[in-house]
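Each chain, written out:
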Amino acid sequence: SSDVCSSDLLAQFGYWEAGKVLYEAGKPAEAFAVFDELIEKLPESGFVPRAIALKLEYYLGGNKAKSAEKVAKDYNLLATTKSFPDGYLRESEYYLTMAQAAGGSLKSADMR
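Quick caveat, the model's predicted, so the values are computed rather than measured. (Residues numbered from 1 in each chain as written. Predicted model: local features only at pLDDT ≥ 70, side-chain atom pairs only at ≥ 80, totals over all residues. Heavy atoms only, no water.)

Its location among the elements puts E91 in helix α5 (residues 86-103). Of note is the side chain of E91, whose polar atom sits 3.0 Å from the side chain of R50. Looking at E91, its side chain comes within polar contact range of the side chain of Y75, at 2.4 Å. Once residues lying within four places of it in the same chain are set aside, the contact partners of E91 are P49, R50, A53 and Y75. (Helix = DSSP H or I, 4+ residues; strand = E, 2+ residues; numbered from the N terminus. Polar contact = N/O pair within 3.5 Å; in protein donor to acceptor, adjacent residues only side chain to side chain. Contact = heavy atoms within 4.5 Å.)

The full count for this structure, using the stated rule, is 11 aromatic pairs. Relative to Y58, the ring of Y23 has its centre 6.2 Å away and its plane inclined at 80°; by these criteria the two rings are edge-to-face. Remark: Y58 occurs in helix α3 (residues 47-61) and Y23 occurs in helix α1 (residues 2-24); sequence separation between them is 35 residues. Residue Y23 is classed as partly exposed on the basis of its relative accessible area of 25%. Among the residues examined, Y58 registers a relative accessible area of 29% and is labelled partly exposed. (Phe/Tyr/Trp six-rings, centres within 6.5 Å; stacked < 30°, edge-to-face > 60°. Buried < 20%, exposed > 50% of the residue type's maximum accessible area, 1.4 Å probe, protein only.)

With that settled, consider the pattern of salt bridges. In a structure, side chains of opposite charge can pair up when their charged atoms sit close to one another. In the structure shown here, the tally under the stated rule is 9 salt bridges. Note that D36 and K55 form a salt bridge whose closest N and O atoms lie 2.5 Å from each other. Taken together, the residues D36 in helix α2 (residues 28-41) and K55 in helix α3 connect sequence positions 19 residues apart. A relative accessible area of 36% places D36 in the partly exposed class. Note on K55: relative accessible area 8%, which makes it buried. The partner of D86 in a salt bridge is R90, with the nearest N and O atoms 3.2 Å apart. Taken together, the positions of D86 and R90, both in helix α5 and 4 residues apart, correspond to about one turn of that helix. By relative accessible area, R90 is classed as partly exposed at 42%. Through salt bridges that share partners, D86, R90 and E93 make up one connected network. (Salt bridge = Lys/Arg side-chain N within 4 Å of Asp/Glu carboxyl O.)

Encoded structure:
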């Protein structure tokens, strides 16, 4: 019904804004819990790739390569199985490469 569509639309904005507010307030763990809920409950949302990218930037910037690699693998799987637009698939591949390089499982020659 249209009520479901409009409530999903409102919910995705609510999750995104709540997560951003928490992240900007210096509470990444709480923000990521909100983003994880967004990803789980509304995987088709256009905010999903942005939430994942924010998590990846945080993990890569904080020398948390293992966390970054797990999130990047999940992103790549979502981008592939949910038929995300091609740009998001490429972005997921980029983040996977960067996370593997940060973790040392990818040699610099292979990264190039």
